Amino acid sequence: MDAVTLRINDQQYSGWKSVRITASLEAAARSFVVEVTGVWYRDKEPPRYARIQPGDRVQVYIGDDLVCTGYVDATPRDYDAQGYTLAVQGRSLTADLVDSAADSAGGQWTHAAPEQIARDVAGRYGVVVRNETATGAPIIEHQIQPGESAYDSLDRVARARQFLLTDNERGELILASPAGSSRAATALEYGVNILQGSCGLDYSEVFAEYIGRGQRRGDDENFGAAVAESKGKAADNTLRRRRIFFIRQPGQADDGTCQDRAEYEARNRRGKALETRYWVQGWRQSSGDLWRPNLRVDVRDPVIGHDGELLISECSYILDRQGTRTEIVVIPTEAFLATAEIRASEQASADAAAAVKAREKRERENQQAAKKAAREKKRAEKGDNGLPDTVTWVDQP
């Protein structure tokens, strides 16, 4: 079995009796909590785990795989005459962005790339930013709001450009989009490897119509009513009754960005209604790799109704009295896809379908031409000019 090891101040701590390590596409900071129990004789030194202190920098490993780099948040401990219980709780380096106020010189950007804004804000807390997605055109204007955290400020940028803010095992902030060709080596199958499944199928946050609204500054060419209100609409035919949801598009919004946001909101909320949790034995796939977020996975579950490809949005590695398990959250991939990616995919599908039709048409034309050539060759071999062999003349009275 893989051992979970905490590396702190050049020391390694293992032997944990309880473990939960969670990484999610929708969380900017992964987290962990480990716990150990034992017998402590009062005339002896406290257990070595007691050396771990809040604020210590930590690396968490599963076997040889690094899964989290961050800080210790808390070290709760209890003891009595029978023994002790000591826990260590912590989060990724990116937790400082979640907890701390947005603090950047000037606090305002104009015509800046989203990744540059992220680097400026995260850099104030020593967090490295990696861009792994298309972030779109520069942000016309972004300004830090009084009292908002660094994460909240960047989340407004991410929502405007429809990408995800998450982290990696090194504690870096990742600007991400759903997995491209990355696939899990193992399918999730009812009656095969799924120990337990749970899905709320909750449509209370799904609406029939989404309306995105926003404003932008005018200029010499665009002013007045043209910039006073930008608007976009998207419909979800899942519901058969009237339910309307209004979305305020942040920043300098035009009709295009409002439309994109409305379509994204419709997909995301519909996908969240189908969010499902599965538990499987162990922490690794059949390939030996750890289960991890942002993998496409085949799911076959006739009880909940899944039969196809979904996206892993969250993984929790668990150790308790039941052994080692992975809690896996899956969701339709399109729930996180940007509208531009959806349109590009639809256009690619349309282009592929048009190419197939064009190829089939050429094949039919080639077959017809071949048949015609074969007939003409046959006539030529017989000396046939295509006219009847004899002609009978009939005199008319």
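Residues numbered from 1 in each chain as written. Predicted model: local features only at pLDDT ≥ 70, side-chain atom pairs only at ≥ 80, totals over all residues. Heavy atoms only, no water.

On to the overall build of the protein, then. The helix and strand inventory of the protein stands at six helices and 22 strands. Taken over 397 residues, the protein has a buried fraction of 43%. Long-range contacts, defined here as pairs at least 24 residues apart, represent 68% of the contacts in the protein between residues at least 6 apart. Within the structure as shown, the protein displays about 22,200 Å² of accessible surface, and the carbon and sulfur contribution to it stands at 46%. (Helix = DSSP H or I, 4+ residues; strand = E, 2+ residues; numbered from the N terminus. Buried < 20%, exposed > 50% of the residue type's maximum accessible area, 1.4 Å probe, protein only. Contact = heavy atoms within 4.5 Å. Areas by Shrake-Rupley, 256 points an atom, 1.4 Å probe, with all protein chains shown as cover.)

Across the interface, helix α2 (residues 114–123) lies against helix α3 (residues 150–161) with an axial gap of 10 Å and an inter-helix angle of 175°. With respect to α3, the axis of α2 lies roughly antiparallel. Residues P114, I117, A118 and V121 of α2 touch α3, and the partners they reach there are A150, L154, V157 and R161. Residue composition of the contact of α2 with α3, grouped by class: seven nonpolar, no polar and one charged. (Axes fitted to C-alpha atoms, helices over the stretch in contact; angles between N-to-C directions. Parallel < 35°, antiparallel > 145°, perpendicular 65-115°, else oblique. Nonpolar A, V, L, I, M, F, W, Y, C, P; charged D, E, K, R; others polar.)

One non-glycine residue, H111, lies in the positive phi region at around 50°. With respect to the secondary-structure elements, H111 resides in strand β9 (residues 108–112). Look at H111 and you get exposed, because its relative accessible area is 61%. One non-glycine residue, Q162, lies in the positive phi region at around 60°. You can see Q162 is positioned in the loop between α3 and β12 (164–167).

Right, let's get into the nonpolar core. Among the nonpolar cores identified, the biggest contains 40 residues, and V4, L6, W16 and L188 are the most heavily contacted of them. Element by element, the count of residues in this core is highest for strand β21 (residues 306–320), at five residues. What W16 contacts, discounting residues up to four positions off in sequence, is V4, L6, V34, E35, V36, Y49, I52, V88 and L319. Counting residues in hydrophobic clusters, the runner-up holds 22 residues, among them A102, A150, A158 and L173. (Core = buried A, V, L, I, M, F, W, Y, C linked by side-chain atoms within 4.5 Å.)

It is worth spelling out the environment of Q108 at this point. Here Q108 is to be found in strand β9. The contact partners of Q108, leaving out residues within four places of it in the chain, are E141, H142 and Q143. Among the polar contacts made by the side chain of Q108, one reaches the side chain of E141 at a distance of 3.1 Å. (Polar contact = N/O pair within 3.5 Å; in protein donor to acceptor, adjacent residues only side chain to side chain.)

Residue position: D254 is located in the loop between β18 (244–252) and α5 (255–273). Each C-alpha atom, one on D254 and one on G212, is 10.0 Å from the other, the two residues being 42 residues apart in sequence.

Taken as a whole, α2 has its buried residues at P114, E115, I117, A118, V121 and A122. Projected onto a plane normal to the axis of α2, the buried residues spread over an arc of 155° and lie on a single side. Those residues of α2 that are buried lie in contact with α1 (95–99), β9, β10 (129–131), β11 (139–143), α3 and β13 (173–176). (Arc of directions from axis to C-beta.)

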